[in-house]
Amino acid sequence: MKAIKCLLAITLIFVSFAAPSASAQYACVRGENPIMIEGSLNSDDLAQLGRLTRDGRPSSCSGDTGTLENSLFLRRDTHSFVNPYNETVCVRVEMDFSACAGNQMQSAAYSNFVPLSPASNVIGDSGYSTINKGSYSFSVGPGAAFAVGVNEVEQNTGCPLYKLKVTYLRNCRQAGTDLTNDGKADITVYRPRPTGSGWYTLDSATDQPIIRSFGLSGDVPTGGSDYTGDGRSDLSVYRTENRNWFFANNPETPGVGYTAVPWGVAGDKPAVGDYDADGKNDIAIYRQSEGRFYILRSSDGALRVFQWGSQNDVPVSGDFDGDNATDIAIERHTGGSMQWWILKSNYNYGFNEVMQWGLSNDVSVPGDYDGDAISDAAVFRPSTGIFYVRRSSDFQMQAFKWGTSGDVPQPADYDGDLKQDFAVFRPSNGTWYINNSASGTSRIVQWGTNSDQPMTTAYQVPSSLLVVSATE
């Protein structure tokens, strides 16, 4: 059991706004410039014997295996690579088959490509065949060689021009507050005050306190978000008074340099996430009155608007298809149940999913609990202290009792095993209760007061679970 830490109590104003979630399921640092490839499939190209089964599941950073669909001779190209880093990386492959004359194409990655056995040594694949765009990802070890292939789906159809973009993603971790960039979530609380709100963090690497000031009373903290692309969580807030977003350019000196961006109108809800998969959080809001997402993309400054949802729906953040981009998603409370409406970003938002998971009074806590780099639909039931997870890896339910009435759920990856750990913050005694998924052991840490807002998890904390304290 870890030694219990104490944080001195300070009574301050607390305003019970929600804390928007952080980003796509994985936060990673982009490597050097991506590798751009153009090619074609024609009568001069070599063939492979068969193609992979389209399993409808593009591979994520955790990788994949393949099965053979048929044994036809199909044209293919193969491109060889070597991981240039002395560390395991996630490789993201973006495909563009829109100039293939309407012919269906596939792509897959191999540790060693064997043309007569294209279902062998598969480490990632596109999941679908397509005439458009899509992406998939896979893990590669330090300095390891790998190959990325492109093949036709129907014999002798070919492709006049295809494009691939290969990006190395380094230091990938679960979404959530990690100010120290060690791959482990840092226990953090936010303490609003008129002259400079405090962020109180327990460094997971050194077990030492880190106290910084950023924001004002009345701001909505959006901690856990990486706006600069360095892999670390940045201190950030949304100021509802004038609809301005503020984020520190350097979390170590947040008051010295920061960025302010006006975005939104009165009544908008922050919907922070990395919607364009560039490794930086985008500034985004959900307008309940219209059922629309308004997203300012960090990659190119362009505005994207998505009609998805209706009045009284609540935005939900997660990467439910494993493409390293936040999906457009809302939760809807109706008839005593919770519905999840998810518009998946991969394949140009070509797929959506609607599911019922949870009850109206449950709290949504999406995250990757099974380690497949895809967000699972999950809820926390405050009345019983039970987490209910719908695992994306096998669509089975996992129920875990961890907490009691009055606790605030704070699941995150506290032990660095790339799986979400069950955790709660108990305002009544300012204590965190964490169940480490790697070892199954529990950890109890006193950090915060009953009027603090816990800020470690990557999902939205409902204001109904937070305590409002008076001015001293």
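Our structure is the block above this text.
Below is a short write-up of the structure.

Conventions and cut-offs
- Residues numbered from 1 in each chain as written.
- Predicted model: local features only at pLDDT ≥ 70, side-chain atom pairs only at ≥ 80, totals over all residues.
- Heavy atoms only, no water.
- Salt bridge = Lys/Arg side-chain N within 4 Å of Asp/Glu carboxyl O.
- Buried < 20%, exposed > 50% of the residue type's maximum accessible area, 1.4 Å probe, protein only.
- Helix = DSSP H or I, 4+ residues; strand = E, 2+ residues; numbered from the N terminus.
- Patch = residues over 30% accessible without salt bridge, like charges linked within 9 Å, V, L, I, M, F, W, Y side chains within 5 Å.
- Areas by Shrake-Rupley, 256 points an atom, 1.4 Å probe, with all protein chains shown as cover.
- Polar contact = N/O pair within 3.5 Å; in protein donor to acceptor, adjacent residues only side chain to side chain.
- Pairing = 2+ DSSP bridges.
- Axes fitted to C-alpha atoms, helices over the stretch in contact; angles between N-to-C directions.
- Disulfide = S-S within 2.5 Å.

Turning to the pattern of salt bridges, a few remarks are in order. A full pass over the atoms with the stated rule returns 18 salt bridges. Linking D230 and R232 is a salt bridge whose minimum nitrogen-to-oxygen distance equals 3.2 Å. What makes R232 buried here is its relative accessible area of 18%. With its nearest N and O atoms 2.8 Å apart, the salt bridge here joins D362 to R381. Taken together, the residues D362 in the loop between β25 (351-359) and β26 (363-364) and R381 in strand β27 (residues 377-381) connect sequence positions 19 residues apart. On the accessibility criterion, R381 (17% relative accessible area) is buried. Each of the salt bridges in this network shares a partner with another, and the network as a whole consists of D268, R287, E290 and R292.

Moving on: a nonpolar patch on the surface. The grouping of F73, V114 and L116 at the surface amounts to a nonpolar patch, some 300 Å² of accessible area in total. In this structure, V114 sits in the loop between β6 (105-110) and β7 (122-125). Using a relative accessible area of 30% as the deciding quantity, one classes V114 as partly exposed.

If you trace the backbone, D407 turns up in the loop between β29 (397-401) and β30 (408-409). In this structure the C-alpha to C-alpha distance between D407 and V424, which are 17 residues apart in sequence, comes to 6.0 Å. From its side chain, D407 meets the backbone nitrogen of T404 in a polar contact 2.7 Å long. Within the local environment of D407, its side chain forms a polar contact with the side chain of R426, the two groups lying 2.8 Å apart.

So, about the sheet that holds strand β18 (residues 269-270). The strand order across the open sheet built from four strands is β18-β19-β20-β21, with neighbouring strands paired in antiparallel fashion. In the strand order of this sheet, the two ends are held by β18 and β21 (303-307), each with one partner.

This next bit is on the pairing of strand β33 (residues 442-446). Judged by which residues are buried, β33 turns out to be one-sided: R443 and V445 face inward and are buried, whereas S442, I444 and Q446, on the alternate face, are not. Bridging between strand β32 (residues 431-435) and β33 involves five bridges; their strand directions are antiparallel. Each bridged residue has a counterpart across the sheet, and for W432 the counterpart in β33 is V445. Hairpin geometry of β32 and β33 is characterised by an intervening segment of six residues between the two adjacent antiparallel strands and by a positive phi of about 75 degrees at G440.

Quick look at the sheet that holds strand β3 (residues 47-49) now. On the basis of which strands lie adjacent, the open sheet formed by five strands has the order β3-β4-β9-β6-β7 and antiparallel pairing. The open sheet is flanked by β3 and β7, the only strands paired with a single partner. Going from strand to strand, the sheet's axes swing by 40 degrees on average, the running direction of each strand aside. In terms of strand pairing, strand β4 (residues 73-82) meets strand β9 (residues 145-152) through seven bridges, oriented antiparallel. Bridging across to β9, F81 finds its partner in F146.

Working definition: the covalent bond between the sulfur atoms of two cysteines is a disulfide. Under the criterion given, the structure shown has three disulfides. Through a disulfide, C28 is tied to C172; the S-S separation comes to 2.1 Å. Here the S-S torsion is close to 115 degrees, and the disulfide linking C28 with C172 is therefore right-handed. Of this pair, C28 sits in strand β1 (residues 26-30) while C172 is found in strand β10 (residues 159-174), placing the two residues 144 residues apart along the sequence. Judged by relative accessible area, which is 21%, C172 ranks as partly exposed. Sulfur-sulfur distance for the disulfide between C61 and C90 comes to 2.2 Å. Disulfide C61 to C90: torsion about the S-S bond roughly -80 degrees, handedness left-handed.

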